[in-house]
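If you want the building blocks of each chain, they are given just below.
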Amino acid sequence: MMKCKTSVIDRRYLEKLDKEVEMIPLTFDPVFKKVFGNNIRLLKRFLNDVLLLDLDVDEMEVKLLNTELPLENILEYRKRIDIFVKINNNIYIDIEINRSNFSRVKMRNYLYCSKIYSMMLDSGNKVNELEDKYFVQLNLNTKDKGKSVGREEIVLYNMTKNEIYLEQEKIILEFIEYYKNLYYTDKNKLDGSGFWLAGLGSTTFTELFDIYSNILKVDELSYFIKDVINMSLETFNIHEWEKEKMDALVNYNHYKDGVSDGFEDGFEDGFEQGIEENTISTIKEMLKKKINLNDILL
């Protein structure tokens, strides 16, 4: 596996790198998990800023819980947990990268939240002990665009009494494209949370550097981007990323040809992402190499 060997990460170096290497985005599950899982302090800052926890980062106790989930949860259909953490023994956070329009998967996500929430009790403990625990699914949405707000919160609500029925469990939706668009149109409106979220939508190393230089110190930024570079150079990740883009194109062609049954999810989840994340350029490169189009689509 190739590694980033330079000790200096600056904009000039990244501009050159962008001409040679495709950055696998942070919204690709393995990259997000590895980069933030490798740097717990930045994970603390990310969660503290985005979830508006107002905690002392130096005093925050964070434990990764992914390996403590039953296998059926980790590998649930069309859903893999990205990062599941516990903060200060009472705040549980499931971070999910969601590539579907949330309106299509809202029931699945809410039921999944309830399932994880109910599992937070140790054997023999009483249900009322959940009152001291808080569960948040941070849903980082890459699909829904044109949103006039970046953040939505979903809770169990009592419509008769007009009050929140259960405050300990919620879904926080953050629409990444909203923050990225705001960065380029009026970035003075962004706070720390907004910069974190805008950066997740970066498609090049230079763009990632520019956005996160607003919130990270030089050494923090250098360490962070090195991890992203290394993940983008890893053979397995490159293979999986290219496969994901090709799957998106194949699903799109099935949809376009009228074979929509069984492919609607693939189209919804894959087409826009695949096209936007350089699928077309990949096909063009293959055509330049004289590979037959029918072979490409097999």
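Source: prediction; values computed, not measured.

Student: Would you mind going over the packing of helix α3 (residues 40–50) against helix α7 (residues 192–200) in detail, with residue names and values included?
Tutor: At a closest axis distance of 8 Å, the pairing of α3 and α7 adopts a crossing angle of 115°. At the point where α3 passes α7, the crossing takes the left-handed sense. Contact with α3, carried on its side by Leu-42, Arg-45, Phe-46, Asp-49 and Val-50, involves Gly-192, Ser-193, Trp-196, Leu-197 and Leu-200 of α7 and no other residues of that element.

Student: Which residues make up the side chain of Asn-39, and what values do they have?
Tutor: One can find Asn-39 in the loop between α2 (29–38) and α3. Reaching out from Asn-39, the side chain makes a polar contact with the backbone nitrogen of Leu-42 at a distance of 3.1 Å.

Student: Quick one: what's the story with the pairing of strand β5 (residues 151–158), residue by residue and with numbers?
Tutor: As paired strands, β5 and strand β6 (residues 163–175) are joined by 8 bridges and run antiparallel to one another. Residue Glu-152 lies in a different strand from β6, and its bridge partner there is Leu-173. Connecting β5 to the next strand, β6, in antiparallel fashion are 4 residues, including Asn-162 with a positive phi near 55°.

Student: Describe the pairing of strand β4 (residues 134–141), with residues and values.
Tutor: Of all 8 residues making up β4, 7 are buried, and the element is well covered by its neighbours. With 8 bridges connecting them, strand β3 (residues 91–98) and β4 associate as parallel partners. Looking at the pairing, Tyr-92 lines up with Phe-135 of β4. One ladder, built from 7 bridges, connects β4 with β6; its direction is parallel. Within the sheet, the bridge partner assigned to Val-136 lies in β6 and is Lys-170.

Thresholds applied
- Residues numbered from 1 in each chain as written.
- Predicted model: local features only at pLDDT ≥ 70, side-chain atom pairs only at ≥ 80, totals over all residues.
- Heavy atoms only, no water.
- Axes fitted to C-alpha atoms, helices over the stretch in contact; angles between N-to-C directions.
- Helix = DSSP H or I, 4+ residues; strand = E, 2+ residues; numbered from the N terminus.
- Left-handed = near helix turned anticlockwise from the far one by under 90°.
- Contact = heavy atoms within 4.5 Å.
- Polar contact = N/O pair within 3.5 Å; in protein donor to acceptor, adjacent residues only side chain to side chain.
- Pairing = 2+ DSSP bridges.
- Buried < 20%, exposed > 50% of the residue type's maximum accessible area, 1.4 Å probe, protein only.

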